[in-house]
Amino acid sequence: MKTKKTIYILWAAILSFGIMSCSDDFLELPPESSVVDENFYQNDNQLLAATAPLYNLGWFDYNDKASYNLGDFRGGSAYSAYNDRENVEFNTTANTADNVAAWRAFYNVVAQANVTIYNINQFASEDVSEEMKAHCIAEARFMRALAYRYLVMNWEAVPIIVDNIEILDNPYNVRRNTVSSVWRFITHEFRAAAKDLPETPRLEGRVTKWAAEGMLARTYLTRAGVPENYGLQDERTVTRDQVFLDSAKYFAERVINMSGASLLTDYADLFRTPYDNNPESLFSLQWVFVDVNSWGTQNSTPAYLTPTAELGNGDGWGGDKGATYWMLSLYDGFNPIDGGEALKGHTEDVRLKATFMLPGMTYDELAYQDGEEVAQGYQVPFSGGDGADAVNYASVKKYVVGRLDPEDGASQYYGHDTYMLRLAEIYLIYAEAVLGNNESTSDATALQYFNTIHERATREVVTSITYEDIFEERVKEFAMEGVTWYDLVRLHYYNPAAAYDIINSQDRGLYFVEPNEVDNPTEWTIYKTSWSTERTFNATSGNFRIPLPAAEISIAPNLLQDPVPYDFNE
């Protein structure tokens, strides 16, 4: 699989001197020395190679640490006990590192897409087929739309930029566009991409028509709850737009029935190597490890999630990261005891072990450093302690791949891909679109799709579903995939009170996990740590609009002006 992906690192290394050139803000342009038509765009293969960096390099600063800081720490599915607390506690500022990194990454992707589209239109030779031009422009529009999806859901009104060269002379005039304008733009871009992308990938890992239609299903589900005047006044409605709900259902059903994608039988296999570009993945960021000089095209995230140096590759810095107490309480089988001061039990939900490591759990697929030797089959240690006054986490398992051969990875250098859209999400999107504005649904197809996901994890089926059922299913299915926060944002668009209630109920405090047996435990007790007094954090509307990075405001002060509608006729 590494051989097939080598093309990404080759062309990314060349293009990084131009398209990505250490951009510190979204207004920065590639230097005039950028490699353009004389080296690329001469034939179809070169055009495909020129779009390869869209799949990794631009996304690096988001994937590095911001993905889980925003998606999971803010969402409440995971936390860091002592680091990255600003996102856990909703104290994110204009200078919070991962706020700045994510903003930079998303506008890097936008700029990269804009430059790619410009270069194809300006410099593609006559030997490049019109079909390939359309395909590669569609790839760029897909990435641009996805970047704007993250931008609008984190910072609300943001500037829509389709030509970085045009704004060079007037950076001070850059204005934010309204939230509804940005969502309309995202929809337009994904629809255009779906029209020109092929049904099967041209190269392994490349986006397809079905990836774009899956994004459309996700987009319409979100847009159904976005009022036209969102952000301009405080009035909200809990009624979602039925036309958009129907569109989400339509595209979800097409992807499920026509894409050829399929769910993996064993949920845990989604994160056992080699898992890249498996049949369930509709779109993944394409990372590759070649050597330690290829910074920016590798996956660095496992370094920060791996809980111990024994499992790391010269890293393993995730010792204080793990599931929140609230997250663990969602798994069926863990029940409150001691007046709600602890949880006790076990769960049949296989997603727990595949997502978080509890003391005593064993992972046959993980190699680890055992003294001077590398051994296979890691057992999570139990640190001991007196329960209420100690800290022993449910550490992160997803994206933790264990000790690797030196040719396959190094400290902060991993070649494993990052899921951005899985087929499982499309099943749950369909179910929620059918539920719509109803309190519950027993629709046969919606139940079939919901139970397809639920039964894979729990071996159980349900006969009726509510919004709470779908939301909690999504949290357990996608924990540590950077999804939970955006589910809360989607809810906040049309029912902020419900979003606040969820966040206010989340226990994000310290806890201690104790197995009933050190080897082969059959149940665990999860004690709230007595000296951890900050356990819940109340959310307000202000928490759903991350502050604009201070550096951007200094460059473009008009970002502080009221947002304006985007002119789609320009």
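For the structure, check the block above.
Remember, predicted model here, so these are calculated numbers, not experimental data.

(A) Structural detail: helix H3 (residues 60-73). Helix length check: H3, at 14 residues, gives a terminal C-alpha distance of 19 Å against a target of 20 Å (1.5 Å per residue), a fit within 8%. The largest bend in H3 amounts to roughly 65° and is located at Ala-66. Among the 14 residues that make up H3, twelve are buried, leaving the element largely enclosed by the rest of the structure. Among the residues of H3, those classed as buried are Phe-60, Tyr-62, Asn-63, Asp-64, Ala-66, Ser-67, Tyr-68, Asn-69, Leu-70, Gly-71, Asp-72 and Phe-73.

(B) Here's a closer look at a negative patch on the surface. On the surface, Glu-310, Asp-370, Glu-372 and Glu-373 cluster together into a negatively charged patch. Relative to the helices and strands, Glu-310 is located in the loop between helix H10 (301-305) and strand E3 (321-323). We classify Glu-310 as partly exposed; its relative accessible area is 35%.

(C) View of the packing of helix H6 (residues 130-155) against helix H16 (residues 484-494). Two elements in contact, H6 and H16, have axes separated by 10 Å at closest approach and are oriented at 65°. When you trace H6 past H16, the crossing you get is left-handed. On the side of H6, the interface is formed by Arg-149, Tyr-150, Val-152, Met-153 and Asn-154, while H16 contributes Trp-485, Tyr-486, Val-489, Arg-490 and Tyr-493. Along the lines of polarity and charge, the residues of the contact of H6 with H16 split into seven nonpolar, one polar and two charged.

(D) Structural detail: the packing of aromatic side chains. Per the counting criterion, the structure on display carries 48 aromatic pairs. A ring pair is formed by Tyr-79 and Tyr-511, whose centres lie 5.9 Å apart and whose planes are at 20°; its orientation type is stacked. Placement of the pair is Tyr-79 in strand E1 (residues 78-80) and Tyr-511 in strand E13 (residues 511-515), with a sequence separation of 432 residues. Take Tyr-79: its relative accessible area is 0%, and that puts it in the buried class. With relative accessibility at 0%, the residue Tyr-511 sits in the buried group. Here the basic side chain of Arg-149 rests over the ring of Tyr-150, its NZ or CZ set 5.1 Å away from the ring centre. The ring of Phe-568 has Arg-184 lying over it, and the distance from NZ or CZ to the ring centre is 4.0 Å.

(E) Looking closely at the environment of Asn-569. Relative to the elements of secondary structure, Asn-569 occurs in the segment after helix H18 (550-555). What makes Asn-569 exposed here is its relative accessible area of 74%.

(F) Quick look at unusual backbone geometry. Cis rather than trans, the peptide bond between Thr-273 and Pro-274 has omega equal to -5°. Assignment of secondary structure puts Pro-274 in the loop between helix H9 (242-258) and strand E2 (281-285). Backbone geometry at Gln-412 places phi at a positive 70°, although glycine is not the residue there. Position of Gln-412 among the secondary structure elements: in the loop between strand E9 (395-396) and strand E10 (418-422). With a phi close to 65°, Arg-459 is a non-glycine residue in the positive phi region. Residue placement: Arg-459 occurs in the loop between helix H14 (444-458) and strand E12 (465-466).

(G) Summary view of helix H8 (residues 209-223). Helix length check: H8, at 15 residues, gives a terminal C-alpha distance of 20 Å against a target of 21 Å (1.5 Å per residue), a fit within 8%. With 15 of 15 residues buried, H8 lies mostly within the body of the structure.

(H) Geometry of the environment of Glu-156. Relative to the elements of secondary structure, Glu-156 occurs in the loop between H6 and helix H7 (179-196). A C-alpha to C-alpha distance of 33 Å links Glu-156 and Leu-352, two positions 196 residues apart in sequence. Excluding residues within four positions of it along the chain, Glu-156 makes contact with Leu-151, Val-179, Tyr-230, Phe-544 and Arg-545. Here the side chain of Glu-156 touches Tyr-230 through a polar contact of 2.6 Å, side chain to side chain. Of note is the side chain of Glu-156, whose polar atom sits 3.4 Å from the side chain of Arg-545.

(I) Geometry of the nonpolar core. Trp-59, Phe-142, Tyr-148, Phe-283, Phe-356 and Tyr-511 are the most contacted members of the largest nonpolar core, which totals 172 residues. Ranked by residues supplied to this core, first place goes to H6 with 16 residues.

(J) Quick look at the side chain of Arg-144. Take Arg-144: it is sitting in helix H6. A distance of 2.7 Å separates the side chain of Arg-144 from the side chain of Asn-114, its partner in a polar contact. Those residues in contact with Arg-144, other than ones at most four positions away along the chain, are Val-110, Ala-113, Asn-114, Ile-117, Ile-161, Val-162, Phe-185 and Glu-189.

(K) Up close: the pattern of salt bridges. According to the stated counting rule, one finds 35 salt bridges in the structure shown. Between Glu-213 and Lys-209 there is a salt bridge whose closest N-O contact spans 3.7 Å. With Glu-213 and Lys-209 both in helix H8 and four residues apart, this pair spans about one turn of that helix. You'll find Glu-213 and Lys-209 in the same group, each marked buried. Linked through salt bridges whose partners overlap, the residues forming this network are Glu-280, Asp-349, Arg-351, Lys-398, Arg-422, Arg-456, Glu-473, Glu-477 and Glu-481.

(L) Up close: the environment of Val-226. Among the structural elements, Val-226 can be located in the loop between H8 and H9. Spatially, the C-alpha atoms of Val-226 and Leu-491 are 9.4 Å apart, while their sequence positions differ by 265 residues. Once residues within four sequence positions are removed from consideration, Val-226 is found in contact with Val-179, Trp-183 and Tyr-493.

(M) Local environment of the sheet that holds strand E14 (residues 524-528). Taken together, the four strands give an open sheet; going across it, the order is E4-E5-E14-E13, and neighbouring strands pair in antiparallel fashion. A strand with exactly one partner marks an edge of an open sheet, and here the two such strands are strand E4 (334-337) and E13. Strand-to-strand twist in this sheet, taken as the mean axis angle between neighbours without regard to direction, amounts to 20°. Bridge count between E4 and strand E5 (residues 342-345): four bridges; the pairing is antiparallel. Each bridged residue has a counterpart across the sheet, and for Pro-336 the counterpart in E5 is Leu-343.

(N) A look at the packing of H9 against helix H13 (residues 423-435). Here H9 crosses H13 at 145°, and the two axes come no closer than 8 Å. Seen from above, H9 lies across H13 with left-handed handedness. Here Leu-245, Ala-248, Lys-249, Ala-252, Glu-253, Val-255 and Ile-256 of H9 lie close against H13, whose contacting residues are Leu-423, Ile-426, Tyr-427, Ile-429, Tyr-430, Ala-433 and Val-434. Of the residues in the contact of H9 with H13, the class split is twelve nonpolar, no polar and two charged.

(O) Quick peek at the side chain of Ser-281. On the secondary structure map, Ser-281 appears in strand E2. Discounting residues that sit within four places of it in the chain, Ser-281 has contacts with Tyr-419 and Leu-421.

Conventions and cut-offs
- Residues numbered from 1 in each chain as written.
- Predicted model: local features only at pLDDT ≥ 70, side-chain atom pairs only at ≥ 80, totals over all residues.
- Heavy atoms only, no water.
- Helix = DSSP H or I, 4+ residues; strand = E, 2+ residues; numbered from the N terminus.
- Expected span 1.5 Å × (residues − 1).
- Bend = angle between axes of the 7 residues up to and from the residue.
- Buried < 20%, exposed > 50% of the residue type's maximum accessible area, 1.4 Å probe, protein only.
- Patch = residues over 30% accessible without salt bridge, like charges linked within 9 Å, V, L, I, M, F, W, Y side chains within 5 Å.
- Areas by Shrake-Rupley, 256 points an atom, 1.4 Å probe, with all protein chains shown as cover.
- Salt bridge = Lys/Arg side-chain N within 4 Å of Asp/Glu carboxyl O.
- Lys, Arg positive; Asp, Glu negative; His and termini not counted.
- Charge placed at Lys NZ, Arg CZ, Asp CG, Glu CD.
- Axes fitted to C-alpha atoms, helices over the stretch in contact; angles between N-to-C directions.
- Left-handed = near helix turned anticlockwise from the far one by under 90°.
- Contact = heavy atoms within 4.5 Å.
- Nonpolar A, V, L, I, M, F, W, Y, C, P; charged D, E, K, R; others polar.
- Phe/Tyr/Trp six-rings, centres within 6.5 Å; stacked < 30°, edge-to-face > 60°.
- Lys NZ or Arg CZ within 6 Å of the ring centre and 35° of its normal.
- Polar contact = N/O pair within 3.5 Å; in protein donor to acceptor, adjacent residues only side chain to side chain.
- Core = buried A, V, L, I, M, F, W, Y, C linked by side-chain atoms within 4.5 Å.
- Pairing = 2+ DSSP bridges.

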